[in-house]
Amino acid sequence: MPTIIEELLIPETNKGIFYGGAFHPASRSDEIIVMNPATGKRFTTVPDATTEDVVKAVAAASAAFPAWSSLDAFDRSKHLLKFAEVIRENISSLAILEATVTGRSLREMNAQMGRIPEWLEYFAGIALGLEGESNQLKGGYVTLTHYEPLGPVALLTPWNHPVLILMKKLAAALAAGNTCVIKPSELAPVSPLAIAVLAKVAGLPDGVINVVTGGPSTGAALCAADDIHYIDLTGGTETGRKVASQAGQRLIRSTMELGGKTPVIVCDDAEIDAAVAGVLFAAFVASGQTCVAGSRILVQSQIYDAFVEKLAKRADLIKLGDPMDPSTQMGPVISQSALERCKHFVEMALSEGGRQVAGTKSPDLGGPFAKGYYIRPTIFADVQPHHSLFKDEVFGPVISITPFDTEEEAIELANVGDFGLGVSIWSRDIARGHRLSRKIRGGIIWLNDHHRNDPRSVWGGVRDSGFGKENGWDALRGYLTKKSIVVRTEPGFDDWFAGGSRYG
Ligand code: NAD
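Residues numbered from 1 in each chain as written. Predicted model: local features only at pLDDT ≥ 70, side-chain atom pairs only at ≥ 80, totals over all residues. Heavy atoms only, no water.

**Q** Explain the overall build of the protein chain to me, please; I cannot follow it from the model alone.
**A** Each helix and strand in the protein chain was counted, giving 16 helices and 20 strands. The C-alpha radius of gyration of the protein chain comes to 25 Å, within 12% of the 23 Å expected for a compact globule of 504 residues. Summarising its shape, the C-alpha atoms of the protein chain cover approximately 85 × 60 × 35 Å along the three principal directions. Considering only intrachain contacts with a sequence separation of at least 6, the fraction spanning at least 24 residues in the protein chain is 74%. A total of about 20600 Å² of accessible surface is found on the protein chain, and carbon and sulfur atoms cover 54% of it. Where the 49 positive side-chain charges of the protein chain centre and where its 57 negative ones centre are 1 Å apart. (Helix = DSSP H or I, 4+ residues; strand = E, 2+ residues; numbered from the N terminus. Rg over C-alpha atoms; globule rule 2.2 N^0.38 Å. Contact = heavy atoms within 4.5 Å. Areas by Shrake-Rupley, 256 points an atom, 1.4 Å probe, with all protein chains shown as cover. Lys, Arg positive; Asp, Glu negative; His and termini not counted. Charge placed at Lys NZ, Arg CZ, Asp CG, Glu CD.)

**Q** What should I look at first to understand helix H3 (residues 73-89) in this one?
**A** An α-helical turn contains 3.6 residues, so a residue and the one three or four places further along point in the same direction. Taking 1.5 Å per residue as the helical rise, H3 with its 17 residues ought to reach 24 Å, and the 25 Å between its terminal C-alpha atoms agrees with that figure. Residues Arg76, Ser77, Leu80, Phe83, Ala84, Val86 and Ile87 constitute the buried set of H3. Residues of H3 that are buried in the fold lie against helix H2 (51-70), helix H4 (91-102), helix H5 (106-126), helix H6 (162-175), helix H7 (190-201) and strand E9 (209-211). Between the side-chain oxygen at the start of H3 and the backbone nitrogen of Phe74 there is a gap of 2.9 Å, and the oxygen is on Asp72. (Expected span 1.5 Å × (residues − 1). Buried < 20%, exposed > 50% of the residue type's maximum accessible area, 1.4 Å probe, protein only. Polar contact = N/O pair within 3.5 Å; in protein donor to acceptor, adjacent residues only side chain to side chain.)

**Q** For this particular structure, what's the right way to read the packing of aromatic side chains?
**A** We describe a pair of aromatic rings using the distance from one ring centre to the other and the angle between the two ring planes. Applying the stated criterion across every chain yields a total of five aromatic pairs. When the centroid spacing of 4.9 Å and the interplanar angle of 75° are considered together, the rings of Tyr122 and Phe123 count as edge-to-face. With respect to burial, Tyr122 and Phe123 carry one shared label: buried. A cation over an aromatic ring shows up here: Lys168 above the ring of Trp459, its NZ or CZ 4.0 Å from the ring centre. (Phe/Tyr/Trp six-rings, centres within 6.5 Å; stacked < 30°, edge-to-face > 60°. Lys NZ or Arg CZ within 6 Å of the ring centre and 35° of its normal.)

**Q** I'm lost on the sheet that holds strand E6 (residues 141-149) in this one. Help?
**A** Backbone-to-backbone hydrogen bonds join strands into a sheet, with any given pair of strands oriented parallel or antiparallel. The three strands lie next to each other as E5-E6-E20, forming an open sheet whose pairing is antiparallel. If you trace the sheet from one side to the other, it starts and ends with strand E5 (134-137) and strand E20 (480-488), each paired once. Taken pair by pair, the neighbouring strands of this sheet meet at an average axis angle of 25°, ignoring direction. As judged from the nine bridges shared by E6 and E20, these two strands associate in the antiparallel manner. Residue Tyr147 lies in a different strand from E20, and its bridge partner there is Lys482. (Pairing = 2+ DSSP bridges. Axes fitted to C-alpha atoms, helices over the stretch in contact; angles between N-to-C directions.)

**Q** Help me understand unusual backbone geometry, please; the structure alone is not making it clear to me.
**A** As a rule of thumb, non-glycine residues mostly have phi less than zero, and peptide bonds are mostly trans rather than cis. Even without glycine at this site, Asp364 takes up a positive phi of about 55°. By the element assignment, Asp364 lies in the loop between strand E14 (355-358) and strand E15 (378-381). Despite not being glycine, His451 has its phi angle at roughly 55°, a positive value. Here His451 shows up in the loop between strand E18 (444-447) and strand E19 (466-467).

Here it is in structure tokens:
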């Protein structure tokens, strides 16, 4: 008998919307077509959920909330550990599913899926260590604080790391005692459905995890649903503005993990080969489709020419191909429109005077991949701060390199624009690294490395890159509210309106 993931891998098996522990047909027949980016062919379809479907999924999350939130933390943690175990047993099929729908290489997805259980294990662990405080107050009072979950929460996720980004949110939300309704990206909605089914296999109660598939209107319906008490979005900055406004109108809390334009600063004292390898990873892993993609490379003048030459040579050697082939180093981008956006940036860079040093050849893939959304790693040198490639998020494998002379100039160039997400700084001088890291805008700074992500390492941006945190205690506490209990310990009582003396 095929496993659930094997079933989801069979093309054209629209299983429905997942809520209350089972798949249900949608209330209308409209479907979202999910493509295989490597072939440019249709892979499967999922329902385009309506408000009516969303209301049913939220009702399932509401029905599950009282029991899940009142479980003892030890028992909830045991559920999460079992969930982690079931995911671990399914890593290789999950990786195939991710690679099929996103086009990312199987090598990348095997590595990424291998770490997914750690998010559940980490949050299952730290949730046991949540402690309130107690204080003695003036007048003989004692206060206590307790943490409480928020209720059913909405998790809106993008397509670039469909399982990883979901799990960063889901593990924290569940460990805190919330129930969830997930709205995955319309471009890659299949693996989040698999995650919900694996939770059921692991014995999580029905209704704790629910998934509604659809596009922005399904997401908006979820954000508007009455019993949603927190919205956690990872997506583009413009989507963030809309969703945060909706949360603001409803006075519910939200986390916004949004776009970026990550600067990579390579100082003249950096270890060059390490920095070249780091920039290649920063820029081209996931075909450049990560929020912290190193896309604005700033290199100190003394090493600029040598660095550009080495980087371009290595980039031109990156092997594009079938994502399922273990020797493939880079897959396609997610969609035809993403490919066109990348090509538009290339044309703009050429017209604005950038010097193309890598990616001039066509991807040259034949056979079933001839119509895939492939573009070679593309690098422009001598890009100026007013060029579009320097300022705007490409979300694809097209990057810029710009020289700088002094630290002050590097800081100024790195801080162009309004994003503030990831930054990496390459220097052997640790004091210099710290000095720069204090002055460059960003939520996550890597010194001599790039894009390291771990459940213990807090993640999140500032300004146009959003607010709120994933990972670490901050993420767990974000999914909780603190209740204060004030206990009177003095005998008798104070009667203010009969001349009592105590106020406050
Ligand atoms: P997107 O904004 O198009 O979509 C994100 C999710 O929001 C999807 O599920 C989408 O259907 C939903 N959505 C869109 N409009 C909505 C609306 N009005 N109301 C409710 N839901 C709505 O983003 P994407 O193209 O899927 O992902 C790429 C973007 O995500 C990039 O900008 C990237 O930088 C960002 N991203 C950020 C992080 C981070 O950690 N900061 C991580 C990954 C991706």
